[in-house]
Amino acid sequence: MPTAARLTAAIMFGALSLAFAYMASPYFPEAREPYYWYPLCGALGVVCGWVISGTRAGRGYVAGVGNGITSTIAIIFWIYFLMSFADMIKKSLRKSYDGPIEALINVFQIMLDWLALFAVPQLGILLAAGALVGGLVTEFVGRRLT
């Protein structure tokens with residue numbers, strides 16, 4: 001059921017994930033992000049904000065911070081997972097794997113490679129501050145308008 005807290009969480013975490021996408025773009029090899037980078041980040045931010053943080057609003061400000069951190073971690077996990085899965089599909093179409101199990105295992109290796117590529121302090125500070133602010137604002141709206 002739509003609530004003001006869910007809408008607020010979707011907007012806050014959608015904006016956070018788009019800010020992450022914008023700040024992470026120069027760290028791609030040759031500074032060329034995939035064509036699906038911005039829509040993927042924005043959509044995952046909206047969905048994770050709506051589903052994770054928005055549904056748990058109204059339980060207190062400490063829980064709100066925890067919900068913000070949980071939503072941010074989920075957003076980053078799904079971004080890395082889906083990008084890694086897309087890379088695995090590209091490699092498998094070039095017959096780079098001996099079998100399907102090797103391809104699925106390689107998804108997680110590719111995830112670690114992406115994580116290492118984007119492990120810079122600026123992105124970590126952005127995500128930490130965004131998780132804190134997003135969780136607190138969602139909790140504030142959840143308490144006031146519910």
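Just so you know, these numbers come straight off a predicted model, no measurement behind them.

## With respect to the nonpolar core
Step number 1: Core analysis: the biggest nonpolar cluster contains 32 residues, and Phe20, Trp37, Ile79, Tyr80, Met83, Trp114 and Phe118 have the highest contact counts within it.
Step number 2: For this core, the secondary-structure elements that each account for two or more residues are helix 1 (4-24), helix 2 (37-53), helix 3 (61-93), helix 4 (100-117) and helix 5 (121-144).
Step number 3: Considering each element in turn, this core owes the most residues, seven residues, to helix 3.
Step number 4: Sequence-distant contacts of Phe118, that is, excluding residues within four places in its chain, are made with Ala24, Tyr27, Phe28, Trp37, Tyr80 and Leu123.

## Topic: the environment of Phe13
Step number 1: Turning to its location among the elements, Phe13 is positioned in helix 1.
Step number 2: For Phe13, the residues in contact, after removing those within four places along its chain, are Gly45, Gly49, Ser53, Gly68, Ser71, Thr72, Ile75, Gly130, Ala131, Gly134, Gly135 and Thr138.

## Quick notes on the side chain of Ser53
Step number 1: Position of Ser53 relative to the elements: it lies in helix 2.
Step number 2: Setting aside residues up to four positions removed in sequence, Ser53 forms contacts with Ala9, Phe13, Cys48, Asn67, Gly68, Ser71 and Thr138.

## Description of the packing of helix 3 against helix 4
Step number 1: At their nearest, the axes of helix 3 and helix 4 sit 8 Å apart, and the two run at 125° to each other. The orientation of helix 3 relative to helix 4 falls into the category oblique. Remark: the crossing between helix 3 and helix 4 carries right-handed chirality. Counted together, Phe77, Tyr80, Phe81, Met83, Ser84, Phe85, Asp87, Met88 and Lys91 of helix 3 and Ala103, Leu104, Asn106, Val107, Phe108, Ile110, Met111, Trp114 and Leu115 of helix 4 form the full contact between these two elements.

## Overview of helix 2
Note that an α-helix has 3.6 residues per turn; residues three or four places apart therefore point the same way.
Step number 1: Look at helix 2: 23 Å from first C-alpha to last across 17 residues, which is about the 24 Å you get at 1.5 Å a residue.
Step number 2: In this structure, the buried side of helix 2 is in contact with helix 1, helix 3 and helix 5.

## Quick notes on the packing of aromatic side chains
Step number 1: Here the structure, examined in full by the defined rule, presents 14 aromatic pairs.
Step number 2: Taking 6.1 Å as the distance between ring centres and 50° as the angle between the ring planes, the aromatic pair formed by Phe20 and Trp37 counts as tilted. Here Trp37 lies in helix 2 and Phe20 lies in helix 1, a separation of 17 residues in the sequence.
Step number 3: The exposure class assigned to Phe20 is buried, which follows from its relative accessible area of 1%.
Step number 4: Given a relative accessible area of 0%, Trp37 falls into the buried group.
Step number 5: Ring geometry for Trp114 versus Phe118: centroids 5.9 Å apart, planes at 10°, classification stacked.
Step number 6: With relative accessibility at 12%, the residue Trp114 sits in the buried group.
Step number 7: Classification of Phe118 by relative accessible area gives buried; the value is 4%.
Step number 8: An aromatic cluster is defined as three or more aromatic residues linked by ring pairs; in this entry it consists of Phe20, Phe28, Trp37, Tyr80, Trp114 and Phe118.

## Looking at the environment of Ala10
Step number 1: Within the secondary structure, Ala10 sits in helix 1.
Step number 2: Residue Ala10 is classed as buried on the basis of its relative accessible area of 7%.
Step number 3: Residues Ala10 and Val46, 36 residues apart in the sequence, show an inter-C-alpha distance of 4.2 Å.

## So, helix 4
Step number 1: Taking 1.5 Å of rise per residue, the 18 residues of helix 4 would be expected to cover 26 Å, and the 26 Å separating its terminal C-alpha atoms lies within 8% of that figure.
Step number 2: Ala103, Asn106, Val107, Ile110, Met111 and Trp114 are the residues of helix 4 that are buried.
Step number 3: Looking at the buried side of helix 4, the elements it contacts are helix 3.

What counts, and where the lines are drawn
- For every chain, the first residue of the written sequence is number 1, and numbering continues from 1 along that sequence.
- For a predicted model such as this one, the threshold for reporting local features is a pLDDT of at least 70, and the threshold for listing and counting side-chain atom pairs is 80 or more; totals across whole chains, interfaces and linings nevertheless cover every residue.
- Only hydrogens and water are set aside when side-chain values are computed; all heavy atoms of the structure are taken into account.
- As used in this record, nonpolar core signifies buried Ala, Val, Leu, Ile, Met, Phe, Trp, Tyr and Cys residues forming a set joined through side-chain atoms within 4.5 Å.
- Exposure classes here rest on a 1.4 Å probe applied to the protein chains alone. A residue is buried below 20% of its type maximum, exposed above 50%, and partly exposed in between.
- By definition, any uninterrupted DSSP run of H or I lasting at least four residues is a helix, any uninterrupted run of E lasting at least two residues is a strand, and each is numbered from the N terminus.
- Whether two residues touch is decided by their heavy atoms; if any such pair falls within 4.5 Å, the residues are in contact.
- Here an angle of 0 to 180 degrees is reported between the N-to-C directions of two axes, which are lines fitted to C-alpha atoms, with helices fitted over the stretch in contact.
- Angle categories: roughly parallel below 35 degrees, roughly antiparallel above 145, roughly perpendicular from 65 to 115, and oblique for all the rest.
- Handedness of a crossing follows from how the near helix is turned relative to the far one, being left-handed for an anticlockwise turn of less than a right angle and right-handed for a clockwise one.
- What a helix is expected to span follows from its residue count: subtract one and scale by 1.5 Å.
- Each pair of aromatic rings taken from Phe, Tyr and Trp, with Trp reduced to its six-membered ring, is defined by centres within 6.5 Å and is described as stacked if the planes are under 30 degrees apart, edge-to-face if over 60, and tilted in the remaining cases.

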